[in-house]
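Structural description and commentary
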Amino acid sequence: MKNNFIGVMTGTSVDAIDIAELFINDQECKILNTMSFQFPEKMKNKILAISRNKTNHNNFQISSLGDELAYIYAESINAFIYESNINRETINAVGIHGQTISHNPDEINPSSIQIGNGKIVAQETGLIVVNDFRSADILAGGQGAPLAPLFHNHFFGKKDISRAIINIGGIANISILGSNLIGYDIGPGNVLIDSWCREKKAKDFDKGGSWAKMGRLHQTLLDQLMREKFIQRNPPKSSGTDYFNSDWIKEKLKYIDDHISDVDIQRTLTEFTASIIGNEIDNINDIEQVAICGGGSKNKLLMHLIKKNTSAEIVTTDSWGMNPDWVESAGFAYLAYLRINERSVDTSKITGSRGVIKLGKIRRPD
C-alpha cells in the first residue's frame, strides 16, 4: 500500500500555491517535502476580482476560470514532483482544496464554490486527485468549513494537554483539540488588512505589519468594527472574502464622522483582527496551549497585538512540530488520505453537519 499523499492549498489570501508531500498511515504522519509556487499575476488578479465581492458571476465564467486554474495547479504539482525528485509511482493521491470564490452556507440554498477542475489536474499529472471537500458536508446540513480542525486534531492533539490551533489565513479559524473536537471561523484574519493595503498602497499585503505600525488605533472605528454580527454569533459558523472585503470596510467607515487617515485605518484593522482572536482565546475555558499557523503568523505586529490581548501563552506551530506555512496544505493531504481509505468523519461539532460523511470527490486520470 502506498502511503504518500500530496496536499495543495491556495487560501483566501491568494498569496501562493502551497504544496506538501506527507507520509501517512494509521500510526504516523510526517512531512517529506514542501514547496510554494507563486500565482501568475493575471490569474491572481482574476481570482481577487471574482472573490472579493458578492456579484453573481455566471456559471460559464466560474467554470472557465476553474479550468484555467486547474492547469496551473497541475503545472505546479508536476514541478513540485520533479524538483523534489519524487517517484510519481509512490504517490497515492493528491488532495486539493481549490480556490474559494464564494461561501454562502447560511442561504436558503446554501453553497460554497471552490474552483480548480480536479479532472483536469488528474489528467495532466497522471495522479488520483481528491477535491470538492465541502459539498458533502453542506449536503449533510453543515457549513462546509472549516475542515482543517480534523487534521489539526490528528497531528497536534495531545491526550493530556488541552490545546487550540488558530489558523490566520484570509479568514481566521480556531480548532479546540481533543476528543470533543470543536472548530469554527472566528472572523477576518488577513483579508481586511490585505484588502486595505492593496487598495491604498498597491501591495498584496502589509509585510510584518510595518505600515500598520506607523498608524494609530482609532478607538471609535474599532468599536464600530467590533459590532459586526458575525463575530457575536455562536458556532457553527464560517465566512469568506465575498463578505469580509474592501466593501465591508467602506460600509463601516460610513458610520464614522471623523476623517481617518489610511494608515490609521490599517492600524485599526490590524487591531480588530487581533482583538477578535484574543477575545476568542480568552472565551475558551481551560486551554493550556495555543499555537498559530497561516500567513498571519508572519505579521509581527499582529502577533504582538494578539499576545497583548490575551493572557494565554501564544506560540506558532513550529513549536509543535510543523512550520506554520505548511499546516493547511498538509491538512488536505490528510483529508485525501481519509477519502482514499474510505474513512468517514463526524464534523457535527465543527460545521454542524448531521451524521458521519465522506469528504471529497475522487477524480482518476483516464
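See above for the structure.
Rules and cut-offs
Residues numbered from 1 in each chain as written. Predicted model: local features only at pLDDT ≥ 70, side-chain atom pairs only at ≥ 80, totals over all residues. Heavy atoms only, no water. Helix = DSSP H or I, 4+ residues; strand = E, 2+ residues; numbered from the N terminus. Rg over C-alpha atoms; globule rule 2.2 N^0.38 Å. Buried < 20%, exposed > 50% of the residue type's maximum accessible area, 1.4 Å probe, protein only. Pairing = 2+ DSSP bridges. Axes fitted to C-alpha atoms, helices over the stretch in contact; angles between N-to-C directions. Contact = heavy atoms within 4.5 Å. Parallel < 35°, antiparallel > 145°, perpendicular 65-115°, else oblique. Left-handed = near helix turned anticlockwise from the far one by under 90°. Core = buried A, V, L, I, M, F, W, Y, C linked by side-chain atoms within 4.5 Å. Polar contact = N/O pair within 3.5 Å; in protein donor to acceptor, adjacent residues only side chain to side chain.

Looking only at helices and strands, one finds 13 helices and 15 strands in the protein chain. For 366 residues, the compact-globule formula gives about 21 Å, and the C-alpha radius of gyration of the protein chain, at 20 Å, lands near that figure. Projecting the C-alpha coordinates of the protein chain onto the three principal axes gives extents of approximately 60 × 50 × 40 Å. The proportion of buried residues among the 366 residues of the protein chain is 58%.

What follows concerns the sheet that holds strand 3 (residues 29-37). Reading across the sheet, the 6 strands line up as 3-2-1-4-7-15 and stay open at both edges, with mixed pairing between neighbours. Edge positions in the open sheet fall to strand 3 and strand 15 (361-363), since each of these has one partner strand only. Averaged over all pairs of adjacent strands, the angle between their axes in this sheet comes to 20°, without regard to strand direction. Pairing between strand 4 (residues 91-96) and strand 7 (residues 129-131): 2 bridges, direction parallel. Bridge pairing in strand 7 links G95 to V130.

The next thing to look at is the environment of N309. Counting through the fold element by element, N309 comes out in the loop between helix 12 (300-308) and strand 12 (314-316). For the pair formed by N309 and K298, sequence separation is 11 residues and the distance between their alpha carbons is 18 Å. Excluding residues that lie within four positions of it along the chain, N309 makes contacts with A274, S275, G278 and D282.

Moving on, we get to the packing of helix 6 (residues 191-201) against helix 11 (residues 262-283). Two numbers describe how helix 6 lies on helix 11: the axes approach to 9 Å, and their chain directions differ by 165°. With respect to each other, helix 6 and helix 11 are oriented roughly antiparallel. Between helix 6 and helix 11 lies a crossing whose hand is left-handed. Every residue of helix 11 that contacts helix 6 at L192, I193, W196, C197 and K200 is listed here: D262, I265, Q266, L269, T270, F272 and T273.

Grouped together as the largest cluster of nonpolar side chains are 43 residues, with contacts concentrated most on I166, L192, F272, I277 and I306. Here this core takes 8 residues from helix 11, the largest share from any one element. Contacts of I166, omitting those with residues within four sequence positions, involve N173, I174, I186, I277, I281, V290, A291, I292 and C293. Counting residues in each nonpolar core, the second largest holds 36 residues, with C293, A336, I340 and I357 among its members.

The next subject is unusual backbone geometry. Most peptide bonds adopt trans geometry, and most residues besides glycine take a negative phi value. Put simply, A145 and P146 share a cis peptide bond, and its omega is -5°. Looking at the element boundaries, P146 is found in the loop between helix 4 (135-139) and helix 5 (148-156). Although it is not a glycine, D286 adopts a positive phi angle of roughly 65°. Mapped onto the fold, D286 is located in the loop between helix 11 and strand 11 (289-293). A positive phi is found at E342, a non-glycine position, where the angle reads about 55°. Tracing the chain through its elements places E342 in the loop between helix 13 (327-340) and strand 13 (345-346). When its relative accessible area of 42% is taken as the criterion, E342 is described as partly exposed.

In this section: the side chain of H152. Relative to the helices and strands, H152 is located in helix 5. Since its relative accessible area comes to 1%, H152 is described here as buried.

This part is about the environment of D132. Note on placement: D132 falls in the loop between strand 7 and helix 4. On the accessibility criterion, D132 (22% relative accessible area) is partly exposed. Sequence-wise, D132 and E75 are 57 residues apart; in three dimensions their C-alpha atoms are separated by 19 Å. Polar side-chain contacts of D132 include one of 3.0 Å to the side chain of K361.

Moving on, we come to the sheet that holds strand 12. Ordered by their spatial adjacency, 5 strands build an open sheet running 10-9-8-11-12, and the pairing between neighbours is mixed. Every other strand in the sheet has two partners, leaving strand 10 (182-188) and strand 12 as the edge strands with one partner each. Across the sheet, the mean angle from the axis of one strand to that of its neighbour is 25°, orientation sign disregarded. Pairing between strand 8 (residues 163-168) and strand 11: 5 bridges, direction parallel. Within strand 11, the residue paired with A164 across the bridge is V290. Lying on the sheet, helix 11 is in contact with strand 8, strand 9 (171-176), strand 10, strand 11 and strand 12; it crosses strand 10 at an angle near 155°.

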